[in-house]
Amino acid sequence: MQLGTSGTDAAFDQLYRAQWHNMVRVAILLVDDLESAKDCAQDAFLGLYRKPPRNADAQLGYLHKSVVNAARSVLRRRGTVRRHLRSAELPLADPADHPVLIGAEHAALMAALRQLSYRQREVLVLRYWSGLSEAQIAAALGVRPGTVKSAASRALSALEDKLGDLR
Amino acid sequence: MSRDLETRLVAALADTARRNLPEATPVPAFRPGSSPSRVRAWMVPVLAAAVVIALTVGALALARHWRDSATPPAGTGSGTVVILKARTAGLSAPELDQARRIITARAAALGVRNADVRISGQDEITVVLPGVSDIRAGELGAVGALQLRPLITAPVPAGTTPTARPSNQPAREIDQWRSLGFAPPANAAAYAALSPAHQQAVQAVLTSWDCANQPVNSAGTPMVTCDQDGTKYLLGAAIVASNDVRSAVASAPSVAGQLWQVIVDLTTSGQQRWTSYTTQHNDSDRPGELANQVATVVDGVVIVASTIQSTIVGSTSINGSFDQQAAASLAANLSAGILPAPFDIVSIQKR
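Residues numbered from 1 in each chain as written. Chains lettered and ligands numbered in written order. Predicted model: local features only at pLDDT ≥ 70, side-chain atom pairs only at ≥ 80, totals over all residues. Heavy atoms only, no water.

1. Focus on the overall build of chain A
Part 1 of the reasoning: Counting its secondary structure elements, chain A contains seven helices and zero strands.
Part 2 of the reasoning: For chain A, the succession of helices and strands along the chain, N to C, is α-α-α-α-α-α-α.
Part 3 of the reasoning: With 167 residues in all, chain A has 50% of them scored as buried.
Part 4 of the reasoning: For chain A, restricting intrachain contacts to residue pairs at least 6 apart in sequence, the fraction spanning at least 24 positions comes to 67%.
Part 5 of the reasoning: If you sum the accessible surface of chain A, you get close to 7,800 Å²; carbon and sulfur atoms cover 50% of it. (Helix = DSSP H or I, 4+ residues; strand = E, 2+ residues; numbered from the N terminus. Buried < 20%, exposed > 50% of the residue type's maximum accessible area, 1.4 Å probe, protein only. Contact = heavy atoms within 4.5 Å. Areas by Shrake-Rupley, 256 points an atom, 1.4 Å probe, with all protein chains shown as cover.)

This is the structure in structure tokens:
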């Protein structure tokens, strides 16, 4: 583990304070669970601390990418739990241990969002919550920048379809 | 603020994110020592049992959310979303609901399947038209009031008075006859019976009228109004008004490439009145009389002025230089009833 000089520590500390809420919120929107979301953010900051990228842009990009990856791990693990429970024939709600609160008027949309694939959900959250540019989204998801726009519109269409199914 | 899916998604994500992590939540101290995800991984099988209860509760809560929340509009990949706002503020709830029903009927008349029309705010209606990109969706908010009014004197071609009004400025509604001092003539015969001085006074109202303004439109009162080109018309009291209209359909030209028509059917009493008028004033029996000329007025604007050729005993066709979209739009607006107030477009979004 590399400890930087106090200057680097101060810079990290500043970034941590500035971005903590943001990164947890991104994670909340991906994993639907507050505690898991905090863990994802913690993992991301830990990685950043250990291998700080040189400039601010790269740092933010790294954070987003880490949060997305951490969220995927959480969801995959949760999928294991889901498989255990399927035999009990319970409805396929998220087995989150601290389920997020959702306003009544947004419930249908958030429920539809949950039914999308990991990739579709990530694109929509990064675009419509984080407001990242196509290049930033591409970096966070590890895809080619040219594919982001079409991926986003396909994700929106899928969301629309799921909303229709929920009527 | 538009209500399309993207905007709703932004709102839902922002609300959920902030609701679950308020700004005031303190940032915890950063502990570089442990990786929390590794710590939690072993808890997964243990969680499985405890989660059964949470699942059921969660599912019930979700179900309640779904039932209680407003159902979202249906949609295919493409379509048009129109947001309309009443020009008159403070429509009553029954009026707004009537507007909603009328606009829904108009969308159906336009052949849109699964149109979703709902009240989306104070004096505001959102119309989702799935799979539609080629209709005059913005005209859904027109009041849809049809009048057939006889001409009183010859129309005045567009001149120096301005005809275009910046679209974001509301028109002023003006009582044209307020300073006249005598009852304005209801038709050409009444006009002919006026003294020259009174006739001049009436002509002055016509020539000084600014097409940018909106006349007070009362079916029983004569009116000065304009067409789309700025030509000004002095029109008598309405022979046929919106409550005489039973239905209207768009009619394709017999020869491809020609213009469309709108065929209007009247109620029994309206038809009686109209047939009576056209019997007494048509070019076959009394050629060249000004009273044979009738203006088709929709929402106070002259669509077309035509000459009655002979008695009209059945449907009346309006030939207003319509293409298919214009004819379909007008027919839909005339068929479903008139709106309690005009609705202006807040936004039209195609997707």
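2. A closer look at the overall build of chain B
Part 1 of the reasoning: Of the regular secondary structure elements, chain B holds eight helices and 14 strands.
Part 2 of the reasoning: When burial is assessed residue by residue, chain B has 42% of its 351 residues classed as buried.
Part 3 of the reasoning: Taking the intrachain contacts of chain B between residues at least 6 apart in sequence as the baseline, contacts between residues at least 24 apart amount to 73%.
Part 4 of the reasoning: When the accessible surface of chain B is totalled, it reaches about 17,300 Å², and 54% of it is carbon and sulfur.

3. Regarding the pattern of salt bridges
Part 1 of the reasoning: Overall, the coordinates contain 12 salt bridges over all chains when judged by the stated rule.
Part 2 of the reasoning: With its nearest N and O atoms 2.8 Å apart, the salt bridge here joins Asp244 of chain B to Arg273 of chain B. With a gap of 29 residues between them, Asp244 of chain B in the loop between β8 (232-235) and β9 (245-251) and Arg273 of chain B in helix α7 (residues 268-280) connect regions that are remote in the sequence.
Part 3 of the reasoning: Owing to a relative accessible area of 4%, Asp244 of chain B belongs among the buried residues under this scheme.
Part 4 of the reasoning: Among the residues examined, Arg273 of chain B registers a relative accessible area of 38% and is labelled partly exposed.
Part 5 of the reasoning: Salt bridges linked by common partners bring Asp32, Arg114 and Arg121 of chain A together as one network. (Salt bridge = Lys/Arg side-chain N within 4 Å of Asp/Glu carboxyl O.)

4. Focus: the nonpolar core
Part 1 of the reasoning: Core analysis: the biggest nonpolar cluster contains 63 residues, and Phe45, Leu124 and Leu159 of chain A together with Leu9 and Leu13 of chain B have the highest contact counts within it.
Part 2 of the reasoning: Of all elements in the fold, only α1 (6-31), α2 (34-50), α3 (56-86), α4 (107-114), α5 (118-128), α6 (134-141) and α7 (148-165) of chain A together with α1 (5-20) of chain B reach the threshold of two or more residues within this core.
Part 3 of the reasoning: Considering each element in turn, this core owes the most residues, 12 residues, to α1 of chain A.
Part 4 of the reasoning: Those residues in contact with Leu124 of chain A that lie beyond four places of it in its chain are Leu113, Leu116, Trp129, Ala152, Ala155, Leu156 and Leu159 of chain A together with Leu9 and Leu13 of chain B.
Part 5 of the reasoning: By size, the runner-up hydrophobic cluster in this structure holds 24 residues, among which are Ile239, Ala248, Ile308 and Ile318 of chain B. (Core = buried A, V, L, I, M, F, W, Y, C linked by side-chain atoms within 4.5 Å.)

5. A word on the sheet that holds strand β13 (residues 316-322) of chain B
Residues and elements named next belong to chain B.
Part 1 of the reasoning: Spatially, the three strands line up as an open sheet ordered β9-β10-β13, and their pairing is antiparallel. Here the strands that pair on one side only, and so sit at the sheet edges, are β9 and β13. On average, each strand axis in the sheet is inclined to that of its neighbour by 25 degrees, with strand direction left out of account.
Part 2 of the reasoning: As defined by bridge partners, β9 adjoins strand β10 (residues 260-266) across six bridges and the pair is classed as antiparallel. The partner of Ala250 across the bridge, within β10, is Val262. (Pairing = 2+ DSSP bridges. Axes fitted to C-alpha atoms, helices over the stretch in contact; angles between N-to-C directions.)

6. With respect to the confidence of the model for chain A
Residue and element names in this part refer to chain A.
Part 1 of the reasoning: Overall, the prediction assigns chain A a mean pLDDT of 80, with 81% of residues at 70 or greater.
Part 2 of the reasoning: No element of chain A has a lower mean pLDDT than α3, at 79, and none a higher one than α5, at 93.
Part 3 of the reasoning: When the criterion is pLDDT under 50, residues 1-6 qualifies, and its contacts beyond four places in sequence or with other chains add up to five contacts.
Part 4 of the reasoning: Residue range residues 86-96 is modelled with pLDDT below 50. Its contacts to residues more than four positions away, or to other chains, number 25 contacts. (pLDDT = per-residue confidence, 0-100.)

7. So, the sheet that holds strand β2 (residues 116-121) of chain B
All names here are of chain B.
Part 1 of the reasoning: The four strands are arranged β2-β3-β1-β14 in an open sheet whose pairing can be described as antiparallel. The open sheet terminates on both sides in strands that have one partner only, identified here as β2 and β14 (343-350). Across the sheet, the axes of successive neighbouring strands diverge by a mean angle of 20 degrees, strand direction being ignored.
Part 2 of the reasoning: Summarising the sheet, β2 and strand β3 (residues 124-130) pair through five bridges and their orientation is antiparallel. Residue pairing across strands places Asp116 opposite Val128, the latter belonging to β3.
Part 3 of the reasoning: Sheet strands touched by helix α4 (residues 93-109): β1 (79-86), β2, β3 and β14. Its angle to β2, the strand with the most contacts, is close to 150 degrees.

8. Observations regarding the side chain of Gln176 of chain B
Part 1 of the reasoning: Following the sequence through the fold, Gln176 of chain B ends up in the loop between β5 (173-174) and α5 (188-192).
Part 2 of the reasoning: A relative accessible area of 10% means that Gln176 of chain B is categorised as buried.

9. Structural notes on the pairing of strand β4 (residues 146-150) of chain B
Residue and element names in this part refer to chain B.
Part 1 of the reasoning: Most of β4 is tucked away: five of the five residues are buried.
Part 2 of the reasoning: Taken together, the five bridges between β4 and strand β11 (residues 293-298) define a ladder with antiparallel strand orientation. When the bridges of β11 are listed, Gln147 appears paired with Val297.

10. Here we look at the pairing of strand β7 (residues 223-226) of chain B
All names here are of chain B.
Part 1 of the reasoning: Side chains Met223 and Thr225 project from β7 onto one buried face, and the interleaved Val224 and Cys226 project onto a second face that is buried too.
Part 2 of the reasoning: As paired elements, β7 and β8 share four bridges and run antiparallel to each other. For Thr225, the partnering residue across the bridge sits in β8 and is Tyr233.
Part 3 of the reasoning: Connecting the antiparallel pair β7 and β8 is a turn made up of five residues, with Gly230 showing a positive phi of about 95 degrees.

11. Some remarks on unusual backbone geometry
Residues and elements named next belong to chain B.
Part 1 of the reasoning: Non-glycine residue Asp123 carries a positive phi angle of around 60 degrees.
Part 2 of the reasoning: Note that Asp123 resides in the loop between β2 and β3.
Part 3 of the reasoning: If you check the backbone angles, Asp299 has positive phi at about 55 degrees while not being a glycine.
Part 4 of the reasoning: Looking at the element boundaries, Asp299 is found in the loop between β11 and β12 (301-307).
Part 5 of the reasoning: Accessibility expressed as a relative area gives 29% for Asp299, which makes it partly exposed.

12. Some thoughts on the packing of aromatic side chains
Part 1 of the reasoning: This structure, assessed with the given rule, holds seven aromatic pairs over all chains.
Part 2 of the reasoning: Residues Trp274 of chain B and Tyr277 of chain B carry aromatic rings whose centres are separated by 6.4 Å and whose planes lie at 0 degrees to one another, so their mutual orientation is stacked. Remark: Tyr277 of chain B and Trp274 of chain B occur in helix α7; sequence separation between them is three residues, near one turn of the helix. Here Trp274 of chain B and Tyr277 of chain B have matching classes, each one buried.
Part 3 of the reasoning: In textbook terms, an aromatic cluster arises when at least three aromatic residues are bridged by ring pairs, as seen for Phe12, Tyr16, Phe45 and Tyr49 of chain A together with Phe30 of chain B. (Phe/Tyr/Trp six-rings, centres within 6.5 Å; stacked < 30°, edge-to-face > 60°.)

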